[in-house]
Amino acid sequence: CSAATAADPKFVMVIPPPNVTGSLHLGHALTAAIEDCLTRWHRMRGDATLYVPGTDHAGIATQSVVEKQLAKQGVSRHDLG
């Protein structure tokens, strides 16, 4: 296995983190399967591949869930700073 150079084809995919609500559905599984297949296909073609976890695709939904949980405790996000 040789090291990739700047001229070699590259394939990079960023995957989102788990949903804060914890509700997973078939769409999550299908998306993950497609991303995995695409990454493996590019790897088999000889491309340098990188499958990167971690972009926040649901920041507003996350904030809403966290604020509701805080409200149950009698705290607001403003109280936390």
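Along each chain, residue indices are assigned from 1 in the same order as the chain's sequence is written. Local features in a predicted model are, by the rule used here, given only for residues with pLDDT of at least 70; side-chain atom pairs are given and counted only at 80 or more, and totals for whole chains, interfaces and linings are based on all residues. Excluding hydrogens and water, the side-chain values take into account all heavy atoms of the structure.

Trainee: Just give me the short version of the overall build of the chain, but keep the residues and values in it.
Mentor: Across its full length, the chain carries three helices and two strands. Where helices and strands are cited, they refer to DSSP runs of H or I of at least four residues and of E of at least two residues respectively, numbered from the N terminus. Walking the chain from its N terminus toward its C terminus, one meets helices and strands in the order β-α-β-α-α. Accessibility here uses a 1.4 Å probe with only protein chains present; expressed as a share of the type maximum, an area under 20% marks a residue as buried, one over 50% as exposed, and anything in between as partly exposed. With 81 residues in all, the chain has 11% of them scored as buried. Across the chain, the fraction of contacts at a sequence separation of at least 24, relative to all contacts at a separation of at least 6, is 68%. By the convention used here, residues are in contact when the closest approach between their heavy atoms is within 4.5 Å.

Trainee: Residue-level account of helix α2 (residues 59-72), with values.
Mentor: Between the first and last C-alpha of α2 there are 20 Å, a value that for 14 residues agrees with the 20 Å anticipated at 1.5 Å per step. Looking one or two places after α2, you find Gly74, whose phi comes out positive at around 75°. Expected helix span is taken as 1.5 Å per residue step, with the number of steps being one fewer than the number of residues.

Trainee: Describe a nonpolar patch on the surface, listing the residues and the values that go with them.
Mentor: Here a patch means residues that are over 30% exposed by relative accessible area and free of salt bridges, tied together within 9 Å if like-charged and within 5 Å if nonpolar (Val, Leu, Ile, Met, Phe, Trp, Tyr). The Shrake-Rupley method, run with a 1.4 Å probe, gives the accessible areas here. Residue values count only the displayed protein chains as cover. By definition, a salt bridge exists where a carboxyl oxygen of Asp or Glu is found within 4 Å of a side-chain nitrogen of Lys or Arg. A cluster of nonpolar residues, Val12, Val14 and Leu50, forms a patch on the protein surface that exposes about 250 Å² of accessible area. Mapped onto the elements, Val14 comes out in strand β1 (residues 10-15). Of the residues examined, Val14 reaches a relative accessible area of 40% and is grouped as partly exposed.

Trainee: How would you summarise the confidence of the model for the chain if you had to cite specific residues and measurements?
Mentor: Per-residue pLDDT for the chain averages 79, and the proportion of residues at 70 or more is 73%. Mean pLDDT across the elements of the chain bottoms out in β1 (78) and peaks in helix α3 (residues 77-80) (89). A residue's pLDDT is simply how confident the predictor is in it, with values from 0 to 100.

Trainee: Break down the pattern of salt bridges for me, with residues and values.
Mentor: If charged atoms from side chains of opposite charge come close, those side chains can pair. By the definition in use, this model includes three salt bridges. For Asp36, the salt bridge identified is with Arg40, shortest N-O distance 2.8 Å. Of this pair, Asp36 and Arg40 both sit in helix α1 (residues 26-44), four residues apart, which is roughly one turn of the helix. For Asp36, a relative accessible area of 27% gives the class partly exposed. The salt bridge partner of Asp47 is Arg45, with a shortest N-O separation of 3.9 Å.

Trainee: Explain the side chain of Asp47 to me, and be specific about the residues and the numbers.
Mentor: In this structure, Asp47 sits in the loop between α1 and β2 (48-53). Given a relative accessible area of 4%, Asp47 falls into the buried group. Whenever two N or O atoms come within 3.5 Å, that pair is a polar contact, provided that in protein one can donate a hydrogen and the other can accept it, and provided that, for residues adjacent in sequence, both atoms are side-chain atoms. At a separation of 2.8 Å, a polar atom in the side chain of Asp47 contacts the side chain of His42. The contact partners of Asp47, leaving out residues within four places of it in the chain, are Pro9 and His42.

Trainee: An account of the side chain of Glu35 is needed here, citing residue identities and associated values.
Mentor: Along the polypeptide, Glu35 turns up in helix α1. Counting rule for charge: Lys and Arg are taken as positive, Asp and Glu as negative, and neither His nor the chain ends is counted. It turns out Glu35 is buried and unbridged, and the closest side chain with the opposite charge, Arg40, is 11 Å from it.

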